[in-house]
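Examining the three-dimensional arrangement
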Amino acid sequence: MSDIRKRTQGLAHEFLARGDATGWFEELYRQAAGDAGGVPWADLHANPHLVEWAERTKLDGHGKTALVVGCGLGDDAEHLAARGFHVTAFDLSKTAIGWCRERHPQTRVKYVVANLLQLPEEWAAAHDFVFEAYTVQSLPIGPLRAQAIAAIARLSRETLLIVARGRDDEHVPAGPPWPLGRTEVVGFGQHGLTQILFEDFQDDEGTRRIRAEFRR
């Protein structure tokens, strides 16, 4: 495990011990101080599992809206904007959102500070395409995580795409991240959504991934 991942796990467990499961996100970005190397999931390019799926399905966002959950430094949001979507991207961390705006000064993306567990009511079923990668897996397994899954499931009026680390249902890892089991992924298929794709695979680095698509 890399030093940054060890530090990230230590920070997360420090906040968890205080009863705060989400406060460590802002602290992590703040401590990174503009160095993407201090954010373990900041690859500075769009998620390859989004890109591959978008190319395979010939994803065309012209005339459509998209929402990116837990947008980090904005690369997935920018990719969707380049495909023609009118994109809103949100993150709990105000430092991350400020960083997005600095990295993409000419962006067409609307970057917003928002809490997944307290989203505006008007966002419910309000976006044609919703993308979530690695946000749920950063929450400990339990009621808060189930609440996050339900919140995401409500957002799309057409398509929801999920990308996450995968695990067997019976395996409970020491995180973060806490990968998603198949039963949890199936949980996205609520509030009128139907699962039409489930892929459980190893990526080029040998990490187990899950990619799932839902339609309303």
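Everything below is about the structure printed above this text.
Keep in mind that what you see is a predicted model, and the values were worked out from it rather than measured.

What follows is about the overall build of the chain. Along the backbone of the chain there are seven helices and eight strands. Relative to the compact-globule value of 17 Å for 216 residues, the chain shows a C-alpha radius of gyration of 16 Å, a close match. Viewed in the frame of its principal axes, the chain has a C-alpha envelope of about 45 × 45 × 35 Å. A total of 216 residues make up the chain; the buried ones form 53% of that total. Here the analysis covers contacts within the chain between residues at least 6 apart in sequence; of these, 64% occur between residues at least 24 apart. Carbon and sulfur atoms make up 49% of the accessible area of the chain, which totals about 10,200 Å². Across the chain, 25 positive and 30 negative side-chain charges occur, with their mean positions spaced 2 Å apart.

The subject of this paragraph is the environment of L116. Looking at the secondary structure, you find L116 in the loop between β3 (110–113) and β4 (127–133). For L116, a relative accessible area of 10% puts it in the buried group. On a C-alpha basis, the gap between L116 and L28 in space is 18 Å, while along the polypeptide they are 88 residues apart. When residues no more than four places from it in sequence are discounted, the contact partners of L116 are V69, F90, T135, A148, A151 and I152.

Before going further, it helps to examine the pairing of β4. For β4, a buried count of seven out of seven residues is recorded, marking the element as mostly surrounded by other parts of the structure. As paired strands, strand β1 (residues 65–69) and β4 are joined by four bridges and run parallel to one another. The residue bridging V69 from the neighbouring strand is E132, located in β4. As defined by bridge partners, β4 adjoins strand β5 (residues 156–167) across six bridges and the pair is classed as parallel. Bridge pairing in β5 links E132 to I162. Each parallel crossover has a hand, and the one from β4 via helix α6 (residues 143–153) to β5 is right-handed.

With that settled, consider helix α5 (residues 94–103). Listing the buried residues of α5 in full gives A96, I97, W99 and C100. Relative to the axis of α5, the buried residues are bounded by an arc of 160° and lie together on one face. The exposed residues of α5 that point more than 90 degrees off its buried face are K94 and E102. Looking at the buried side of α5, the elements it contacts are α2 (23–32), β2 (86–91) and β3.

On to helix α1 (residues 3–17), then. The terminal C-alpha atoms of α1 lie 21 Å apart, and with 15 residues this matches the ideal 21 Å at 1.5 Å per residue to within 8%. Within the span of α1, buried status applies to I4, T8, Q9, L11, A12 and F15. Considered in projection along α1, the buried side chains sweep an arc of 165° and stay on one side of the axis. Along α1, exposed side chains directed more than 90 degrees from the buried face belong to D3, R7 and A17.

With that settled, the discussion passes to unusual backbone geometry. The omega torsion of the bond from G175 to P176 falls at 0°, within 30 degrees of zero and hence cis. Along the chain, the position of P176 falls in the loop between β5 and β6 (180–181). Following P176, the chain continues into P177 via a peptide bond in cis, with omega recorded as -5°. If you trace the backbone, P177 turns up in the loop between β5 and β6.

Below, the discussion takes up the packing of aromatic side chains. Under the criterion given, the structure shown has eight aromatic pairs. Geometrically, the ring pair formed by F90 and W123 is tilted, given 5.4 Å between the ring centres and 50° between the ring planes. Remark: W123 occurs in the loop between β3 and β4 and F90 occurs in strand β2; sequence separation between them is 33 residues. On the basis of an interplanar angle of 45° and a centroid distance of 6.1 Å, the ring pair of F188 and F214 is categorised as tilted. Residue F188 is found in the loop between α7 (182–186) and β7 (194–202), and its partner F214 is found in strand β8 (residues 208–215); the two are separated by 26 residues along the sequence. Judged by relative accessible area, F188 falls into the buried class, the value being 0%. An aromatic cluster of three or more residues is present, and its members are W24, F25, Y29, W41 and W99. The ring of F15 carries R18 above its face, with NZ or CZ at 4.3 Å from the centroid. Here R182 stacks its cationic end above the ring of F198, 4.0 Å away from the centre of that ring.

Conventions we followed
- Residues numbered from 1 in each chain as written.
- Predicted model: local features only at pLDDT ≥ 70, side-chain atom pairs only at ≥ 80, totals over all residues.
- Heavy atoms only, no water.
- Helix = DSSP H or I, 4+ residues; strand = E, 2+ residues; numbered from the N terminus.
- Rg over C-alpha atoms; globule rule 2.2 N^0.38 Å.
- Buried < 20%, exposed > 50% of the residue type's maximum accessible area, 1.4 Å probe, protein only.
- Contact = heavy atoms within 4.5 Å.
- Areas by Shrake-Rupley, 256 points an atom, 1.4 Å probe, with all protein chains shown as cover.
- Lys, Arg positive; Asp, Glu negative; His and termini not counted.
- Charge placed at Lys NZ, Arg CZ, Asp CG, Glu CD.
- Pairing = 2+ DSSP bridges.
- Right-handed = clockwise from strand over helix to strand, strands pointing away.
- Arc of directions from axis to C-beta.
- Expected span 1.5 Å × (residues − 1).
- Phe/Tyr/Trp six-rings, centres within 6.5 Å; stacked < 30°, edge-to-face > 60°.
- Lys NZ or Arg CZ within 6 Å of the ring centre and 35° of its normal.

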